[in-house]
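# Structural overview
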Amino acid sequence: MDWLTNPEIWVAFFTLTALEIVLGIDNIIMISILVGRMPKEMQARTRLFGLALAMVTRILLLLSISWVMGLTVDLFHVFGQGISGRDLILFFGGLFLLWKSSTEIYHGLEGEDETNETPKGGGQFIGTIVQIAIIDIVFSLDSVITAVGMVSHVPVMVAAIIVAVLVMMAASGTISEFIDKHPSLKLLALSFLIVVGTVLIAESFEVHVPKGYVYFAMAFSLAVEALNIRMRRPRAEPVHLSRDIPGQ
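Presented here is an overview of the structure given in this document. All values derive from a computational prediction rather than experimental measurement.

Procedures and definitions
- Residues numbered from 1 in each chain as written.
- Predicted model: local features only at pLDDT ≥ 70, side-chain atom pairs only at ≥ 80, totals over all residues.
- Heavy atoms only, no water.
- Pairing = 2+ DSSP bridges.
- Helix = DSSP H or I, 4+ residues; strand = E, 2+ residues; numbered from the N terminus.
- Axes fitted to C-alpha atoms, helices over the stretch in contact; angles between N-to-C directions.
- Parallel < 35°, antiparallel > 145°, perpendicular 65-115°, else oblique.
- Contact = heavy atoms within 4.5 Å.
- Nonpolar A, V, L, I, M, F, W, Y, C, P; charged D, E, K, R; others polar.
- Buried < 20%, exposed > 50% of the residue type's maximum accessible area, 1.4 Å probe, protein only.
- Left-handed = near helix turned anticlockwise from the far one by under 90°.
- Expected span 1.5 Å × (residues − 1).
- Bend = angle between axes of the 7 residues up to and from the residue.

### A look at the pairing of strand β1 (residues 74-78)
- Note: β1 against strand β2 (residues 81-84), four bridges, orientation antiparallel. Residue pairing for β2: F76 is matched across the bridge by I83.
- With antiparallel pairing between neighbouring strands as the criterion, β1 and β2 make up a hairpin whose turn holds two residues, including F79 at a positive phi of roughly 50 degrees.

### Side note on the packing of helix α8 (residues 183-204) against helix α9 (residues 211-232)
- As a packed pair, α8 and α9 sit with axes 10 Å apart at the nearest point and diverge in direction by 175 degrees. Of the possible angle classes, the one that applies to α8 and α9 is roughly antiparallel. Contact residues: S184, L185, L188, F192, V195, V199 and E203 in α8; K211, V214, A217, M218, S221, L222, E225 and R232 in α9.
- Taken together, the residues of the contact of α8 with α9 sort by class into nine nonpolar, two polar and four charged.

### Regarding the environment of G94
- Topologically, G94 is positioned in helix α5 (residues 85-110).
- A relative accessible area of 0% places G94 in the buried class.
- When the C-alpha positions of G94 and E203 are compared, they lie 9.5 Å apart, and in sequence the two are 109 residues distant.
- What G94 contacts, discounting residues up to four positions off in sequence, is G197, L200 and I201.

### Observations concerning the packing of α5 against α8
- Running from N to C, α5 and α8 cross one another at 155 degrees; their axes reach a closest spacing of 8 Å. Between α5 and α8, the angle falls in the class roughly antiparallel. Two packed elements cross with a definite hand, and for α5 against α8 that hand is left-handed.

### Focus: helix α7 (residues 154-181)
- Over its 28 residues, α7 runs 40 Å from end to end, which matches the ideal 40 Å to within 8%, given 1.5 Å per residue.
- At A171, α7 shows its maximal kink, close to 40 degrees.
- Here α7 has its buried residues at V156, M157, V158, A160, I161, A164, V165, M168, S172, G173, S176 and I179.

### Overview of unusual backbone geometry
- With a phi angle near 65 degrees, E206 is a residue other than glycine that sits in the positive phi range.
- Counting through the fold element by element, E206 comes out in the loop between α8 and α9.
- We classify E206 as partly exposed; its relative accessible area is 38%.

### Overview of helix α2 (residues 25-35)
- Burial of α2 is extensive: ten of the eleven residues sit out of reach of the surface.
- Here α2 has its buried residues at D26, N27, I28, I29, M30, I31, S32, I33, L34 and V35.

Structure below.
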């Protein structure tokens, strides 16, 4: 237990926790969008269940580190390009993000009434959870590989993931309500998920796109949209000063 008093371990823990939260933002946004189409009374439960599923997925992947790292070994070659298990997950996960984000944008713009198309009750809950599970696997893979590359102690990685997911659970309700309240922000988030899906597909072909560029563009666009939301708020009536001078 000497590693508990090692300052380097604590620095790694806090750094990894912050990284897990940043890497989980996409996950929160996608879960919030998927859950947003469910009945109000089911949204909070499904959102928390989805994030808990993300935590379990990441911990299980961590506990099978050798298998995760083995996913980077080439399974076969296509036109001289080695294809690994990780590449397949990133490729099909990216395709899923492209399809799901594009579908959500289409329904949002067309404003179609899906009351007759969307299954109710348990069927809708299970369908949403299945989609969340797929997203969790896709987003958790890179997160786990990043954690393995940063920290050598599995308990530290597990603790960082648990703390990060608890923070995301606490913030998920606020984020979900904010996204539902501002449709333009939802459209922006879906557009960036298309970018993330494209980046995942590129990564599967060993075309590395610096994530910093994507996150900077996302943060800048969100900042601009926040200013637009602020400017669109109804303003109070300006105060009119009286021109009448007392005593005249």
